[in-house]
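Residue strings, one per chain:
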Amino acid sequence: MLLRKMVCILPLGVPVAYGLFLSGVVAASSASSAVVNAISVQKSPAVPVSIKLERHKVVTLSGKESLQSAETAKPGDVLEDIATYSNITSRVLVVPTATVPIPRNTELILNSVKPATAFASTDGINFFAMPLSVKLKQGNGVELEQPVAPNQYRFLRWFPGAMAAKQSVVFSARFKVADGAEATIVKR
């Protein structure tokens, strides 16, 4: 379940790094400005984007927070995923979405999501602005809106848009390992 470090350079639409997805990457000429309009954009299925996912255990000692190896995790531990999307080309790219899965047996720490503009999903198909809510119909027919529990969030998605040549964008979120989850060991 836990991941140390990984870097992938893949073409359009290829699943990346334990469920990270790069979809709909579009290239523009290097002469284009950072704001890319539809006329100057060309689809390029072989545009390289580097995606690095790191997972760390967040530990607080003497009031100071530090990131440590996430080779093992037990219930109550806080993990942080950091996904770095890098345009490794010499031209502007438009990256419509960056999607990161939420590990099983964890609970998303809602205020840890950066940038906070992420959308979330409970099924990996339908994404909505956070925090998620659901309408429940009461026995008397009245609908009440209830927040979705953080342990039901399964994916986060951002919309990075245009990325300048050699630019990187970082997305991160923290998760608490659920009570009752078995300790997980990552093998090297």
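Rules used throughout
- Residues numbered from 1 in each chain as written.
- Predicted model: local features only at pLDDT ≥ 70, side-chain atom pairs only at ≥ 80, totals over all residues.
- Heavy atoms only, no water.
- pLDDT = per-residue confidence, 0-100.
- Helix = DSSP H or I, 4+ residues; strand = E, 2+ residues; numbered from the N terminus.
- Contact = heavy atoms within 4.5 Å.
- 1 Å grid on protein atoms, 1.4 Å probe; cavity = no way out; pocket = protein on both sides within 12 Å on 5 of 7 lines; lining within 4 Å.
- Points joined across faces, edges and corners; volume = space filled by probe spheres on them.
- Buried < 20%, exposed > 50% of the residue type's maximum accessible area, 1.4 Å probe, protein only.
- Phe/Tyr/Trp six-rings, centres within 6.5 Å; stacked < 30°, edge-to-face > 60°.
- Lys NZ or Arg CZ within 6 Å of the ring centre and 35° of its normal.
- Core = buried A, V, L, I, M, F, W, Y, C linked by side-chain atoms within 4.5 Å.

Peer 1: I'd like to hear about the confidence of the model for the chain, residue by residue, with values.
Peer 2: Summary statistics for the chain give a mean pLDDT of 77 and a share of 71% for residues scoring 70 or more. Mean pLDDT across the secondary structure elements of the chain bottoms out at strand β2 (residues 15–16), with 33, and peaks at strand β13 (residues 119–121), with 97. Per-residue pLDDT stays below 50 along residues 1–45; that stretch engages in 123 contacts with residues further than four places along the chain or on separate chains.

Peer 1: Explain the environment of Ala98 residue by residue, including any values.
Peer 2: By the element assignment, Ala98 lies in strand β11 (residues 97–101). Separated by 62 residues in sequence, Ala98 and Pro160 place their C-alpha atoms 7.1 Å apart.

Peer 1: With reference to specific residues and values, describe empty space enclosed by the protein.
Peer 2: By the definition in use, this model includes one cavity of 30 Å³ or more. Contributions of two or more residues to the lining of the largest cavity are made by β9 (78–87), β17 (155–158) and β19 (168–177). If you tally residues by element for the lining of the largest cavity, the top one is β19, at four residues.

Peer 1: Would you mind going over the environment of Ser172 in detail, with residue names and values included?
Peer 2: Mapped onto the secondary structure, Ser172 falls in strand β19. The class of Ser172 is buried, set by a relative accessible area of 11%. Measuring from C-alpha to C-alpha, the distance between Ser172 and Ile82 comes to 4.4 Å, with 90 residues separating the pair along the chain. If we ignore the near neighbours within four places in the chain, the residues touching Ser172 are Glu80, Asp81, Ile82, Ser112, Val113, Lys114 and Trp158.

Peer 1: Would you mind going over the packing of aromatic side chains in detail, with residue names and values included?
Peer 2: As enumerated under the stated definition, the model contains three aromatic pairs in all. Ring geometry for Phe119 against Phe159: centres 5.3 Å apart, planes inclined by 85 degrees, an arrangement best described as edge-to-face. Pair noted here: Phe119 is in strand β13 and Phe159 is in the loop between β17 and β18 (161–163), with a separation of 40 residues, a long-range link. The structure contains a cluster of three or more aromatic residues connected by ring pairs, namely Tyr85, Trp158 and Phe171. Positioned over the ring face of Phe127 is Arg157, at 3.9 Å from the centre of the ring.

Peer 1: So what's going on with the nonpolar core? Which residues, and what values?
Peer 2: In this structure, Tyr85, Leu108, Val113, Tyr153, Leu156 and Trp158 are the most contacted members of the largest nonpolar core, which totals 24 residues. Listed by contribution, the elements that provide at least two residues to this core are β6 (49–61), β9, β10 (93–95), β11, β17 and β19. Top element by residues in this core is β19. It accounts for four residues. Those residues in contact with Leu156, other than ones at most four positions away along the chain, are Ala98, Thr99, Val100, Ile102, Leu108, Val113, Phe119, Ala120, Phe127, Met130 and Ala173.

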